[in-house]
Amino acid sequence: MSKKIVVLNGSPRKNGNTAALVKAFREGAESAGNTVTEFFLDGMQINGCKGCFGGQNSRPCPCVQQDDMAQIYPAVKECDVVVLASPLYYWNMSGQLRTAIDRLFALEEGDENLLRGHGRCCALLMAAEGHGFDDILLYYNHLAEHLQWKNLGAVLAGGNYFVGDMEGKEELQKAFRLGQSI
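Rules behind the numbers
Numbers given for residues are sequential positions, taken from 1 along each chain in its written order. With pLDDT at 70 or above as the cut-off, local features in this predicted model cover only qualifying residues; side-chain atom pairs require 80 or more to be listed or tallied, and sums for whole chains, interfaces and linings still use all residues. Note: side-chain values were computed over all heavy atoms of the structure, leaving out hydrogens and water. Secondary structure counts use DSSP, requiring at least four H or I residues in a row for a helix and at least two E residues in a row for a strand, with both numbered from the N terminus. Each residue gets one of three labels from its accessible area relative to the maximum for its type: buried under 20%, exposed over 50%, partly exposed in between, using a 1.4 Å probe on protein chains only. Within this analysis, the arc is defined by the directions that extend from the helix axis to the C-beta atoms. The contact criterion used is simple: two residues touch if any of their non-hydrogen atoms lie within 4.5 Å. The set of buried Ala, Val, Leu, Ile, Met, Phe, Trp, Tyr and Cys residues whose side-chain atoms join them within 4.5 Å is what this entry labels a nonpolar core.

Caption draft 1: Geometry of the environment of Val 7. The residue Val 7 is located in strand β1 (residues 4-9) in this model. Residue class for Val 7 comes out buried when judged on its relative accessible area of 0%. Sequence separation between Val 7 and Leu 41 is 34 residues, and the spatial gap between their C-alpha atoms is 9.9 Å.

Structure, rendered in structure tokens:
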């Protein structure tokens with residue numbers, strides 16, 4: 001059965017190492033008959049969460065802020081899988097991705113929690129110069145548990161500093177196979 005997959009790409013580089021992982025994942029997922037929608041967050045206007053608790057998920061744009069999250073909310077509400085993709089910055093995901101995740105909270109506000117559960121799954125794709133993924137995995141696993149999303153796993157590619165360093169690396173095949181397995 002075909003799945004709807006949303007990729008939240010938090011890299012500031014459209015053609016960087018994170019993009020290479022996303023491309024491999026997408027090719028695998030689409031080869032299995034799935035639909036993939038990617039949001040390149042650095043090219044979008046997404047403001048930080050105000051912590052106002054003014055969201056209402058019954059509205060077309062559940063957040064009180066009117067920005068490009070309005071494109072992401074309906075896709076996440078309708079998807080089966082959310083893929084978080086980011087370079088590793090100071091043992092965490094990029095600010096672009098962190099901001100979008102914070103803003104997804106608006107889908108939890110209202111009569112019914114539209115973010116938590118609903119049979120959704122998640123995956124993590126990360127590229128990094130180093131190999132220190134322990135802290136981000138702790139956060140990612142807690143997030144998946146809190147949201148009651150089935151964790152499909154992570155592809156963590158260390159040792160990538162320059163654009164193009166991912167070329168020929170086994171993590172690209174891992175990302176392809178992860179996408180294909182959905």
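What follows picks up the thread again.
Caption draft 2: View of helix α3 (residues 95-103). Within the sequence span of α3, burial applies to Leu 97, Ala 100, Ile 101 and Arg 103. Angularly, the buried residues of α3 cover 165° about the axis, an arc narrow enough to put them on a single face. Considering only its buried residues, α3 is in contact with β1, α2 (69-78), β3 (81-87) and α4 (134-147).

Caption draft 3: Highlighting unusual backbone geometry. Unlike most non-glycine residues, Trp 91 shows phi in positive territory, near 65°. Tracing the backbone through its elements, the reader meets Trp 91 in the loop between β3 and α3. A positive phi angle, near 60°, is found at His 118, a position not held by glycine. You can see His 118 is positioned in the loop between α3 and β4 (121-127).

Caption draft 4: Representation of the nonpolar core within the structure. Counting residues in hydrophobic clusters, the biggest one holds 37 residues, and the most contacted among them are Leu 8, Leu 41, Ile 72, Leu 84 and Leu 104. Setting aside chain neighbours within four positions, we find Leu 84 in contact with Leu 8, Leu 97, Ile 101, Ala 123, Leu 124, Leu 125, Tyr 140 and Leu 143. The next biggest cluster of nonpolar side chains, apart from the first, holds 22 residues, and it includes Ala 29, Val 83, Ala 127 and Met 166.

By themselves these figures say nothing about function.
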